[in-house]
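In case you want the letters, here they are:
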Amino acid sequence: MLEAHNFPGPLLVELANEFVGAIKEGSLMNGKSLELLPIILTALATKKENLAYGKGELNGEECKKQLINALCSGRWNQQYVIQLTSMFRDVPLTAEEMEFVMEKVLRMFSKLNLQEIPPLVYQLLVLSSKGSRKKVLEGIISFFSELDKQHNEEQSGDELLDLVTVPSGELRHVEGTIILHIVFAIKLDCELGRELLKHLKAGQQGDLSNNICPFSIALLLSVTRIQRFEEQVFDLLKTLIVKSFKDLQLLQGSKFLQNLVPHRSSVSAMILEVVKNSVHSWDHVTQGLVELGFILMDLYGPKKIPDGKTIETSSSLSRMPNQQACKLGANILLETFKIHEIIRQEILEQVLNRVVTRASSPISHFLDLLSNIVMYAPLVLQSCSSKVTETFDYLSFLPLQTVQGLLKAVQPLLKVSMSMRDSLIIVLRKAMFASQLDARKSAVAGFLLLLKNFKVLGSLSSSQCSQSIGVSQVHVDVHSRYNSVANETFCLEIMDSLRRCIGQQADVRLMLYEGFYDVLRRNSQLANSIMQTLLSQLKQFYEPQSDVLPPLKLEACILTQGDQISLQEPLDYLLCCIQHCLAWYKSRVMPLQQEEEEEEEGFYQDLDDMLESITNRMIKSELEDFELDKSADFSQSTGVGIKNSICAFLVMGVCEVLIEYNFSISNFSKNKFEEVLSLFMCYKKLSDILNEKAGKGKTKAANKTNDSFLSLKFVSDLLTALFRDSTQSHEESLSVLRSSNEFMRYAVSVALQKVQQLKETGHVSGPDGQNPEKIFQNLCDITRVLLWRYTSIPTSVEESGKKEKGKSISLLCLEGLQKIFSAVQQFYQPRIHQFLGALDVTDKEGEEVEVSVNERAAFQIRQFQRSLLNLLSSQEEDFNSKEALLLVTVLSNLSKLLEPSSPQFVQMLSWTSKICKEYSREDASFCKGLMNLLFSLHVLYKSPVILLRDLSQDIHGHLGDIDQDVEVEKTNHFAMVNLRTAAPTVCLLVLSQAEKVLEEVDWLITRLKGQVSQEIVSEEASSQATLPNHPIEKAIIMQLGTLLTFFHELVQTALPSGSCVDTLLKDLCKMYTILTALVRYYLQVCQSSGGIPKNMEKLVKLSGSHLTPLCYSFISYVQNKKSKSLTYTGEKKEKSAAVATAMARVLRETKPIPNLIFAIEQYEKFLIHLSKKSKVNLMQHMKLSTSRDFKIKGNILDMVLREDEEEDEEGTASQHEEENKEPAKKKRKNK
């Protein structure tokens, strides 16, 4: 065969035909002879003379082409597919022939066994070095994408289990091998890698499901091991992920889009599926997964904002794409950690490194991940203990919050590993004597955490623990007898260390006092030790003689060092801690100790007596006894003032603690309640003085109210007693407290303060403040009381009685409800059902009927709707805008709980719309709130474009036309739009809504363009291929048409200059940009579908007649207004600063004008292109712009010059006559 090229042409043709025939009939004995075919075909291609082939004559090259065509169109026996493919490597092929061969081989995939596909893919990849790389990649990816889909469907349908074609493991192994083949090929042929990226990038424009699938994502992650592609691949994955979340957000917020676009497959689910599949020894993917996880967490984690607070939504359901991307990163890492042992060490190291090195930026997301990892496998992590111990060495340099989070996360490990615990204790002991205050605080936090979590034998069960460890592995050796004894010595040792802290700065002591209660609750055997410590500390500041006033040595609590005056002992926190520990001890431990000897019980009695004595003497004490009467100095600039302020806050704190103590031991006795009221009066006097002084001084911020010392549980009990307790025997004593309106207002305002604290930080101060379960219970109780109080005594009733300073109690209750509803949605989203159930105080305890969240929310909504209607039906002068705005906020919070497809939702929407149509109020903020509510409901029901059009007509009617001679007929669609609210309020609102609609349309056009480009690429784009887009195209044109009429109204409206004009010009610019995008889309489609739809022509006509000319007249109107305002400020020449600012403003406000004109001209330019291509004259409706002609109008020029000359003459005259300067100016003003 070496002489094949010398064979005569006809013989070669005959030989080749033999081969083709044999292959088609499947009569090959074995594939060995196929090695000869390439030689024959190559020789044939060199023959220049014409050869007889079939019925005609062709030269050698064409003969070869026909033969290959015949070969590819015949049937191949599946056992020779691989040999046939490898055979083509040695045949010189043109690009067209290459396409034939590739298509044939890719079609064969589905006919082969799974195990035969990897070698075939290998041959294909080798072959692809000649060309058609894109075709190969596309074919392989779409084949496996389909296979995965079928496989998932088979696995999910149980009844079809006997039909499952491929075992899961085998499929994944095959996919893994193929990914390795492709990556290897990319290493040798970079062009292949570029094609892969190009192909997948194109896919992200249109519909994802075509080529982004778990297989292609796994392939991309493997490609990251090739250095030159690493960065590009991660960038592509990042944009894919964030785009997918953004699209989801857009879809969820708009019913209009949901109806048009089917729900997309989410990229995050695909990536997590890749993690799951990687268990089948896809080691080449895991490294990429880990890197991707960390990239997402680093990029999209919580950010630090300038004022030092971090933006975090710890347990709230994150809605933002960035937060979701960060969460996805954490999930990838956690799942990878669970599956792959080999990579655990690395993940743990990377997380700990970030915790230590990023101390200044928020790292809560890494701490959460660490906590989940530790919870998953504390015993497994013992092997990595050295890394954790190494991290402990940095504790004293880390911020307190990080230390607390870190220790909480690794705490299960401490129970398993003694060595780790010992090394932590050594570090904490060192930190206790560090020079930095933060390090000492960290030590205290660490020790308190240890005390909480190491049980001493005989402690009460931790059923009321806030965070018990639910991992079976941890319980291995914790409860054995030896351990409890060891724990006891260990805990007492720590207590010794903590006693030393009591001598340190106020901040350190404060942490101790705040932590002791939790320790006691979790480790009741330490009660004696803790109580003794607290008692001896209190004795230092307590006046033992019962007739000495005041009962506490406040001087001793304050430290003076030169000019510096600071708090040494937070006495209020100490008393607060004692009071809570005592209450807990009495309720939990004392009942169990009745039968035991009581010799050590002494100091509980002591503490009770001391608190009793302090109470009595505090009531007797006057403010003069504390040297804090009205004449005292509270300014923050003098030493005395600072000292007095500290004392005042201490006294107020002590009063609050005693109020709670006396109420809790009162058992509803009248005397105790009188004492409570007296204590409150003392608190009130001081707070009034402080507020008054702060009011006089400029430092409003310096006097920020301190956190209240009342615990959330107590606030809840107190409110229930004040407002809901109707027990006969309590009536008389409670009337003491109820008689004081001040006290009741104070109780409600403390509840408000607590809820605000919960919203800002995620927890509240005081005992159980970190325990989500208890907080939730208390919130339910408080909400129930506030709701009852607000609905049963409306504000109008309460306010008509007596005029008092400050807000009425009902209004405070409403404010509380508004804050609680938003806090519950933020932190307790999964428990909304339970929350609403707790509010429903109907007496149907017997029958447990399951009521949906929808119905419960609708019931609450109806109550607030009634209140708002009552408000609106009152007189205009009685209208309380604060209350109305709060009610609207409450309604919008509650309406988020309604299912958009439910009848309750539709009822809510029609009610809101009715209110907007029928009631008119001149209160801008109320109008804005109500309109926002209307739009937020409307977009979930259908697109709000008709609403926008109606509102724009109303605005035009109220504000008048830019041409003053035109009389605009007033349409009164919405009474809420009136002269006061139309201008900035409603106008800006409708413009921002129009912007959102434009965004949605833009998104749809981009999506269509992506699909078209994919279809054009796949060459099969016949006219039917674009049919599915018709409903979307129609919807886009409808939306733009209605928006055109909306802008048509606004552009003719005499808007006040400022933000309205600015925003309108920017939005018009967007409108034209999107019209241009649509025109460009039709330019793309025009070739295949032949022409443009009629409604598109109508839209273009409408834009030419109703918008463009009006835009130009609006621009002239704006420019005239500007020039008037300029001449006006120009007349007042002496105020040069005013002129400069006016000029700057004019420049800023006229900036959008050139952009708009450019956008209009771009639109017209592409229309001309489209007219040529579609053979439809679209420009007949367009008038060319006349706004910017450059004619010099002679008459106007003469006038201006003459005025200038006159001014100059006047100017020189006034210089000559110095004494007449004043009249000259006056004259100019009178001109």
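Residues numbered from 1 in each chain as written. Predicted model: local features only at pLDDT ≥ 70, side-chain atom pairs only at ≥ 80, totals over all residues. Heavy atoms only, no water.

**Q** Describe the overall build of the chain, with residues and values.
**A** Along the backbone of the chain there are 48 helices and 4 strands. Per-residue burial for the chain yields a buried fraction of 51% across its 1231 residues. Of the roughly 58,000 Å² of accessible surface on the chain, 52% is carried by carbon and sulfur atoms. (Helix = DSSP H or I, 4+ residues; strand = E, 2+ residues; numbered from the N terminus. Buried < 20%, exposed > 50% of the residue type's maximum accessible area, 1.4 Å probe, protein only. Areas by Shrake-Rupley, 256 points an atom, 1.4 Å probe, with all protein chains shown as cover.)

**Q** Which residues make up helix α25 (residues 571–589), and what values do they have?
**A** Each full turn of the α-helix corresponds to 3.6 residues, which orients residues three or four apart in the same direction. For α25, built from 19 residues, the straight-helix expectation of 27 Å at 1.5 Å per residue is met to within 8% by its first-to-last C-alpha distance of 26 Å. Counting buried residues along α25, 14 of its 19 residues qualify, which places the element largely inside the surrounding structure. (Expected span 1.5 Å × (residues − 1).)

**Q** Report on the pattern of salt bridges, specifying residues and quantitative values.
**A** Tallying each qualifying case throughout the model produces 38 salt bridges. Here R784 ties to D781 by a salt bridge, and the two come within 3.1 Å at their closest N and O atoms. With R784 and D781 both in helix α32 (residues 772–792) and 3 residues apart, this pair spans about one turn of that helix. Three or more residues joined by partner-sharing salt bridges are found here, namely K452, D518, R521, D768 and K774. (Salt bridge = Lys/Arg side-chain N within 4 Å of Asp/Glu carboxyl O.)

**Q** How would you sum up the state of the cysteines? Please name residues and give values.
**A** Enumeration over the complete set of coordinates arrives at 0 disulfides. With no disulfide of its own, C647 lies closest to C557 among cysteine sulfurs, the gap being 7.9 Å. Of the residues examined, C647 reaches a relative accessible area of 4% and is grouped as buried. (Disulfide = S-S within 2.5 Å.)

**Q** Tell me about the environment of K917, and please be specific about residues and values.
**A** Secondary-structure assignment places K917 in helix α38 (residues 903–918). On a C-alpha basis, the gap between K917 and A975 in space is 4.9 Å, while along the polypeptide they are 58 residues apart. Non-local contacts of K917, meaning those with residues more than four positions away in its chain, are made with H973, F974 and A975. (Contact = heavy atoms within 4.5 Å.)

**Q** Describe the packing of aromatic side chains, and please don't skip the residues or the numbers.
**A** Overall, the coordinates contain 22 aromatic pairs when judged by the stated rule. Relative to F714, the ring of F663 lies with its centre 5.4 Å away and its plane at 75°, an arrangement referred to as edge-to-face. One end of the pair, F663, is in helix α27 (residues 639–666); the other, F714, is in helix α29 (residues 712–724), and 51 residues separate them in sequence. Since its relative accessible area comes to 11%, F663 is described here as buried. Every member of this aromatic cluster is reached through a ring pair, and the members are F776, F821, Y828, F835 and F864. When the ring centre of F229 is taken as origin, the NZ or CZ atom of R228, which lies over that ring, is 6.0 Å away. The ring centre of F337 lies 5.2 Å from the NZ or CZ of R344, which sits over that ring. (Phe/Tyr/Trp six-rings, centres within 6.5 Å; stacked < 30°, edge-to-face > 60°. Lys NZ or Arg CZ within 6 Å of the ring centre and 35° of its normal.)

**Q** Which residues make up the side chain of K238, and what values go with them?
**A** Along the chain, K238 falls in helix α11 (residues 227–252). For K238, a relative accessible area of 18% gives the class buried. If sequence neighbours within four positions are ignored, K238 has contacts with I295, L296, L299 and Y300.

**Q** Could you give an account of the packing of α11 against helix α14 (residues 283–300), with specific residues and numbers?
**A** In contact at an axis separation of 11 Å, α11 and α14 are set at 60° when each is read in the N-to-C sense. One element, α11, and the other, α14, form an angle in the oblique class. Note on packing geometry: the crossing formed by α11 with α14 is right-handed. Residues E230, F234, L237, K238, I241 and V242 of α11 pack against G288, E291, L292, I295, L296, L299 and Y300 of α14. Among the residues forming the contact of α11 with α14, the class breakdown is 9 nonpolar, 1 polar and 3 charged. (Axes fitted to C-alpha atoms, helices over the stretch in contact; angles between N-to-C directions. Parallel < 35°, antiparallel > 145°, perpendicular 65-115°, else oblique. Left-handed = near helix turned anticlockwise from the far one by under 90°. Nonpolar A, V, L, I, M, F, W, Y, C, P; charged D, E, K, R; others polar.)

**Q** Lay out the side chain of H580 with the relevant residues and their values.
**A** On the secondary structure map, H580 appears in helix α25. H580 sits in the buried class, given a relative accessible area of 9%. H580 has contacts with Y517, E660, S711 and P767, leaving out every residue within four places of it along the chain.

**Q** Which residues make up the environment of I339, and what values go with them?
**A** By the secondary structure assignment, I339 is in helix α15 (residues 321–339). Residue I339 is classed as partly exposed on the basis of its relative accessible area, which comes to 28%. Taking the C-alpha atoms as reference, I339 lies 9.9 Å from N277; in sequence the two are 62 residues apart. In this structure, I339 is in contact with V275, K276 and V279, ignoring residues within four places of it in sequence.

**Q** Could you give an account of the confidence of the model for the chain, with specific residues and numbers?
**A** Put simply, the chain has an average pLDDT of 81, and 84% of its residues get 70 or more. Here residues 159–164 is a poorly scored stretch, pLDDT under 50, and it has 1 contact once near neighbours within four places are set aside; other chains count. Taken as a whole, residues 1217–1231 scores under 50 in pLDDT and shows 7 contacts with residues more than four places along the chain or in a different chain. (pLDDT = per-residue confidence, 0-100.)

**Q** Give me helix α17 (residues 364–376): which residues, what numbers.
**A** For α17, built from 13 residues, the straight-helix expectation of 18 Å at 1.5 Å per residue is met to within 8% by its first-to-last C-alpha distance of 18 Å. Those residues of α17 not exposed but buried are S364, H365, F366, L367, L369, L370, I373 and V374. Where α17 is buried, its residues contact α14, α15, α16 (344–357) and α19 (400–416).

**Q** Requested: an account of the environment of E170, with residues and values cited.
**A** If you trace the backbone, E170 turns up in helix α8 (residues 168–188). Overall, the relative accessible area of 27% leaves E170 in the partly exposed class. Apart from the residues within four sequence positions on either side, E170 is in contact with L114 and Q115. A distance of 3.0 Å separates polar atoms of two side chains, one belonging to E170 and the other to Q115. (Polar contact = N/O pair within 3.5 Å; in protein donor to acceptor, adjacent residues only side chain to side chain.)

**Q** Please provide a residue-by-residue account of the pairing of strand β4 (residues 564–567), values included.
**A** Here strand β3 (residues 558–561) runs beside β4; their pairing, made up of 4 bridges, is antiparallel. Bridge pairing in β4 links Q561 to Q564. Connecting β3 to the next strand, β4, in antiparallel fashion are 2 residues, including G562 with a positive phi near 60°. (Pairing = 2+ DSSP bridges.)

**Q** If you had to explain the packing of helix α24 (residues 527–539) against α25 to someone new, which residues and values would you point to?
**A** At a minimum axis distance of 11 Å, the contact between α24 and α25 shows a crossing angle of 145°. Every pair of crossing elements has a handedness; the one defined by α24 and α25 is left-handed. Here A527, M531, L534, Q537 and L538 of α24 lie close against α25, whose contacting residues are L571, L574, L575, C577, I578, C581, L582 and Y585. Its residues assigned to classes, the contact of α24 with α25 comprises 12 nonpolar, 1 polar and no charged.

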